[in-house]
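Examination of the molecular architecture
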Protein chains: 2
Amino acid sequence: MSKYHPLSEAEAIEIARSITEVFPTGEALVSREIGDGNLNLVFHIKQPATGRSLIIKQALPYAKVIGESWPLSLDRARIEGESLVKQGQLAPGLVPVVYRTDADMALTIMEDLSDHVIMRRGLIEGGTYPDFAEHLSEFLARTLFFTSDLGMNQQDKKVLLGRFINPDLCKITEDFIFNFPYYDAESNNIEPHLRDAAEAVWQDQELLLEAAKLREKFLTQAQALLHGDLHTGSIFITPTSTKVIDPEFAYYGPMGFDIGAPIANLLLHYASQEHWSPDEASRRDRRAYLLTTIVELWTRFERKFRALWDEHGTDRLLASPAFKDDYMKRLLRDTIGFAGAKTLRRVYGLAQVADIATIPDRAARERAQRLALNIARSLIVTNRAASSIEDLVRIAENAASGAN
Amino acid sequence: MSKYHPLSEAEAIEIARSITEVFPTGEALVSREIGDGNLNLVFHIKQPATGRSLIIKQALPYAKVIGESWPLSLDRARIEGESLVKQGQLAPGLVPVVYRTDADMALTIMEDLSDHVIMRRGLIEGGTYPDFAEHLSEFLARTLFFTSDLGMNQQDKKVLLGRFINPDLCKITEDFIFNFPYYDAESNNIEPHLRDAAEAVWQDQELLLEAAKLREKFLTQAQALLHGDLHTGSIFITPTSTKVIDPEFAYYGPMGFDIGAPIANLLLHYASQEHWSPDEASRRDRRAYLLTTIVELWTRFERKFRALWDEHGTDRLLASPAFKDDYMKRLLRDTIGFAGAKTLRRVYGLAQVADIATIPDRAARERAQRLALNIARSLIVTNRAASSIEDLVRIAENAASGAN
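Each residue is numbered by its place in its chain's sequence as written, counting from 1. Chain labels run from A onward and ligand labels from 1 onward, assigned in the order the entries are written. Confidence filtering applies because this is a predicted model: local features only for residues at pLDDT of at least 70, side-chain atom pairs given and counted only at 80 or more, and all residues used for totals across whole chains, interfaces and linings. In computing side-chain values, all of the structure's heavy atoms are included and hydrogens and water are not.

One frequently used descriptor of interface size is the decrease in accessible area upon assembly of the parts. Note on contacts: a residue pair is in contact if any heavy atoms of the two residues lie within 4.5 Å. Contacts between the two partners involve 40 residues from chain A and, on the opposite side, 39 residues from chain B. Approximately 3400 Å² of surface area, both sides summed, lies buried where chain A meets chain B, with 60% of it carried by carbon and sulfur atoms. Defined in terms of a 1.4 Å probe, buried area is the accessible area two parts forfeit on being brought together, summed over both. Of all residues in chain A, K158, E216 and L317 of chain A bury the most surface against chain B, accounting for 19% of the area lost on that side. Just to be clear on terms, a salt bridge is a Lys or Arg side-chain nitrogen sitting within 4 Å of an Asp or Glu carboxyl oxygen. On the surface where chain A and chain B come into contact, there are eight salt bridges. One salt bridge connects E174 of chain B with K158 of chain A, and the closest N-O pair in it is separated by 2.6 Å. Counting of polar contacts relies on pairs of N or O atoms within 3.5 Å, with two restrictions inside protein: one atom must be capable of donating a hydrogen and the other of accepting it, and residues adjacent in sequence are counted only when both atoms are side-chain atoms. The interface formed by chain A and chain B contains 14 residue pairs in polar contact (both at pLDDT 80 or more). Secondary structure counts use DSSP, requiring at least four H or I residues in a row for a helix and at least two E residues in a row for a strand, with both numbered from the N terminus. Counting residues per element, the ones that place at least two in the side of chain A that touches chain B are α5 (154-163), α6 (167-178), α8 (205-220) and α11 (321-348) of chain A.

Next up, the structure:
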């Protein structure tokens, strides 16, 4: 394999056969291509005789979205493979095992997680995940701390940063999260009943200023190696297992962007209860579960991150209790701000979330959309005044009680 | 030249001969090695028959400071050459012309500026430089704006950032500016009469917290391609010409670090007037000139930077007047904070400045040191409350009137 080409299923099987830690015996393998074909090929390779399986993911040299196609660097496969390996070292058991990568062919060969469900799907189907906050807080605390200047040698960090310069995929985030939602961009997907709300955003100077500050942080603040796209569609889950997948957007950025992402998606699901919870009582219970999960996620994250800092902090000047308190306060604020930005773009941007977009009833969908937008706006404009994760809870509760 | 080795003078002449834009004719060349031998070889190559000349700078694979030697990446020569070329494109006439670079041999072949004087030396000798603020504000505004996300495509910026990852030299800055001065580090060079002042710094929790925040910014904030070491020893000057040299510390960092550096060195010179100005009246005049220069430097910088932003800003969301005002306010604060940090380390750190260190009278030297330290502390602890460059002026004036 000297040069890149998209794999055939026969080639995928041939490659899978060489992964002898998964397939030590020679029984036949079968392949099924399960990718959506927009960005990647995904081959599910199974050995029916033994029940063993693995996944081969291959990046395509372009992205297809609503019929359009633009070139996209294959280097994202190297970035995905290398960050999965790094995350696996730092947070064992919380990402798929990587068996092999091939940068030339843009391949990542990894653990099959078909026994898990994509968390977004699981939530829509009413699932609860009691270990999620514990697992994801562990993933976040360890991957963020140990790739930051707080937890690793500063020279090594600069070299690592150089491995994860990711212009193409960062550009997608920059445009779709921090640019297009804030004006009448062609790519926005605004339902007619939401037009007034979108136009209000474009006129909202307070909101635009805070969004610009978040954008600036996303562009310049090289705090830690991020997953970069940590929504509930990037999490495979069961009630007792959590696996973070698809880190092709990995780059050095502000930690709050990664912590805010799952929170935003829990809030979008919170808003979507306008439809998914059939009555007032179940809606209240479901929303309480979601807010408790958010509070637990942050609280456990903060506790773990501080404990890692106390035990493994590499920098003397950055080790004072006053600096730690100040840092964690700013990190909470960033988290709340980025959670808001990541919520807002899902309401009328190009890429929406199934939690809300699949609500069949227009009125219920609109209620969910407006609730999500209200929460998003409040998070963005108040983020730099927040002092506790309870501030976020209050915003969500107040918005929901206003919506009902 | 396939492999690195330190040049002999004969080899330097041989290489110089190939720079035909400087030496179009065949007359003899003579070489004089004028480096200090600690970090680089510097060959001054002259053609006596024509008066033409150039400089060949070659990085050595180690640094020598007070007898100790440690390895230092030769990649800094590539970084220096590439940043000189970049700065020359962005701010023509304000850096030496680069004729050729050779990364394998760690060479930069450039304009001879022997008709200029090192600004630190010129200031100590009582020079005034009426064009300095205009020139350096132009250099800062153009190099910082056009390498930031404000003034260039964000994808290209990420690629450029990757060319200027500079772990070895950043580590020197991190240690000597943001670490060693803040505890009883072996490398500090504390005169016995200053011991109490250094110990006070190490106990000063307010100061330590702000120093930690500045350190964090230096480590994480990839705002623009910095010169990285922009003190008055890195500026060649005449009354009508300013040339910024020696950008081997170049990396992507916070803009305020570059703007604060010349300001810190003007303030150190301000403090050193305890000796260099022979009487009260001349001291007052000299100090007024230095403060006026600082105010002009910032004011012209801000005006030019805003004008570039208005004309060439690449990012829609970051273009609002409110964001610009907020950004410039934060940039002023960073500038003041970094000016303080860069002043403090020169008082009792390893690398001091001739302005103060060469004052022969111990009592006058101590007055200058304590004045510099007082100014530095005030700048560091108040930086995040500053609203105008006049805040810095007041700090310097109040400290000086207390010192006399």
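Don't stop here, the text continues.
The next thing to look at is the confidence of the model for chain A. You can read pLDDT as the predictor saying how much it trusts each residue, on a scale of 0 to 100. Confidence in the prediction for chain A averages 95 pLDDT; 98% of positions are at 70 or higher. Taken over the whole predicted complex, pTM reads 0.95, whereas the ipTM for its chain interfaces reads 0.94.

Paired rings are identified among Phe, Tyr and Trp, the last through its six-membered ring, by centres lying within 6.5 Å, and are further divided according to the angle between planes into stacked (under 30 degrees), edge-to-face (over 60) and tilted (the rest). Per the stated rule, a full pass over the model turns up 34 aromatic pairs over all chains. Measuring from ring centre to ring centre gives 5.0 Å for F218 of chain B and Y251 of chain B, while their planes differ by 55°; the resulting arrangement is tilted. Of this pair, F218 of chain B sits in helix α8 (residues 205-220) while Y251 of chain B is found in strand β12 (residues 251-253), placing the two residues 33 residues apart along the sequence. The class for F218 of chain B is buried, based on a relative accessible area of 2%. Aromatic pair F257 of chain B and F338 of chain B: ring centres 5.5 Å apart, planes at 85°, arrangement edge-to-face. Within this pair, whereas F257 of chain B is found in helix α9 (residues 255-276), its partner F338 of chain B is found in helix α11 (residues 321-348), the two being separated by 81 residues in sequence. We classify F257 of chain B as buried; its relative accessible area is 0%. By way of ring pairs, the aromatic residues F145, F146, W298, F301, F305, W309, F323 and Y327 of chain A are connected into one cluster. A ring is scored as having a charge over it whenever the NZ atom of a lysine or the CZ atom of an arginine sits within 6 Å of its centre and within 35 degrees of its normal. Positioned above the aromatic ring of F257 of chain A is the side chain of K342 of chain A, whose terminal nitrogen or guanidinium carbon lies 3.6 Å from the ring centre. Residue exposure (1.4 Å probe, protein chains only): buried if accessible area is under 20% of the type maximum, exposed if over 50%, otherwise partly exposed.

Attention now goes to the side chain of N179 of chain A. Position of N179 of chain A relative to the elements: it lies in the loop between α6 and α7 (195-203). Here R316 of chain B takes part through its side chain, which lies 3.4 Å from a polar atom of the side chain of N179 of chain A. When near neighbours in sequence (up to four residues on either side) are disregarded, N179 of chain A contacts E174 of chain A together with R316 of chain B.

What is meant by a nonpolar core is a set of buried Ala, Val, Leu, Ile, Met, Phe, Trp, Tyr and Cys residues, joined one to another through side-chain atoms within 4.5 Å. Core analysis: the largest hydrophobic core is formed by 206 residues, its most contacted members being Y182, F301 and F305 of chain A together with F301 and F305 of chain B. Not counting residues up to four positions away in its chain, the partners in contact with F301 of chain A are S137, L140, A141, L144, I259, E296, M328 and L331 of chain A. If you look at the next biggest cluster of nonpolar residues, it comprises 22 residues, including A12, A16, I45 and A106 of chain A.

Let us now look at the pattern of salt bridges. Tallied over the entire structure, the rule returns 72 salt bridges over all chains. Its salt-bridge partner being R78 of chain A, residue E82 of chain A comes within 3.3 Å of it at the nearest N-O pair. With E82 of chain A and R78 of chain A both in helix α2 (residues 75-90), this residue pair falls four residues apart, about one helical turn. Classification of E82 of chain A by relative accessible area gives partly exposed; the value is 25%. A relative accessible area of 19% means that R78 of chain A is categorised as buried. A salt bridge links D310 of chain B to K324 of chain B; its shortest N-O distance comes to 2.6 Å. Taken together, the residues span a long stretch of sequence, with D310 of chain B in helix α10 (residues 280-312) and K324 of chain B in helix α11 at a distance of 14 residues. Among the residues examined, K324 of chain B registers a relative accessible area of 10% and is labelled buried. Each member of the salt-bridge network shares a partner with another, and the members are K57, R76, E80, D246 and E248 of chain A.

Time to look at the sheet that holds strand β7 (residues 107-111) of chain A. Hydrogen bonds between backbone groups are what pair the strands of a sheet, and the pairing can be parallel or antiparallel. All names here are of chain A. When DSSP finds two or more bridges between a pair of strands, those strands are recorded as paired. Overall, antiparallel pairing links the five strands, which are arranged β1-β2-β3-β7-β6 in an open sheet. The open sheet has two edge strands with one neighbour each: β1 (30-33) and β6 (98-102). The mean inter-strand angle of the sheet, taken between neighbouring strand axes irrespective of direction, is 20°. In the sheet, β6 pairs with β7 via four bridges, with the strands oriented antiparallel. Directly across from T101, in β7, lies its bridge partner T108. Helix axes are fitted to C-alpha atoms over the stretch in contact, other axes to C-alpha atoms as well, and angles between N-to-C directions run from 0 to 180 degrees.

Another aspect to go through is the relation of the copies chain A and chain B. To line up the copies, we fit them by least squares on C-alpha atoms, keeping just the residues with pLDDT of at least 70 in both. At an RMSD of 0.0 Å, chain A and chain B line up after a rotation of 180° and a shift of 0.0 Å along the axis. Such a combination of turn and shift is consistent with a two-fold rotation axis. Taking C-alpha positions as reference, the residue of chain A nearest the rotation axis is Q221 of chain A, located at 2.4 Å. A symmetric contact is evident, with 98% of the interface residues of chain A recurring at the interface of chain B.

All names here are of chain A. Strand β2 (residues 40-47) sits mainly inside the fold: seven of its eight residues count as buried. The pairing of β1 with β2 spans four bridges and is classified as antiparallel. Directly across from S31, in β2, lies its bridge partner I45. The sheet contact formed by β2 and strand β3 (residues 52-59) spans eight bridges and is antiparallel. Counted as the bridge partner of Q47 is R52 from β3.

Turning next to unusual backbone geometry. Residue and element names in this part refer to chain A. Despite not being glycine, A106 has its phi angle at roughly 60°, a positive value. As for its placement among the helices and strands, A106 is situated in the loop between β6 and β7. For A106, a relative accessible area of 1% translates into the label buried.

All names here are of chain A. A sheet is described by the order of its strands in space; here three strands give the open sequence β8-β10-β11, paired in antiparallel fashion. At either end of the open sheet lies a strand with only one pairing partner, and these are β8 (117-118) and β11 (241-244). Both β8 and strand β10 (residues 235-238) contribute to a ladder of two bridges, which runs antiparallel. Note that in β10 the partner of I118 across the bridge is F236. Contacting β10 and β11, helix α4 (residues 132-146) crosses the sheet at an angle of about 35° to β11.

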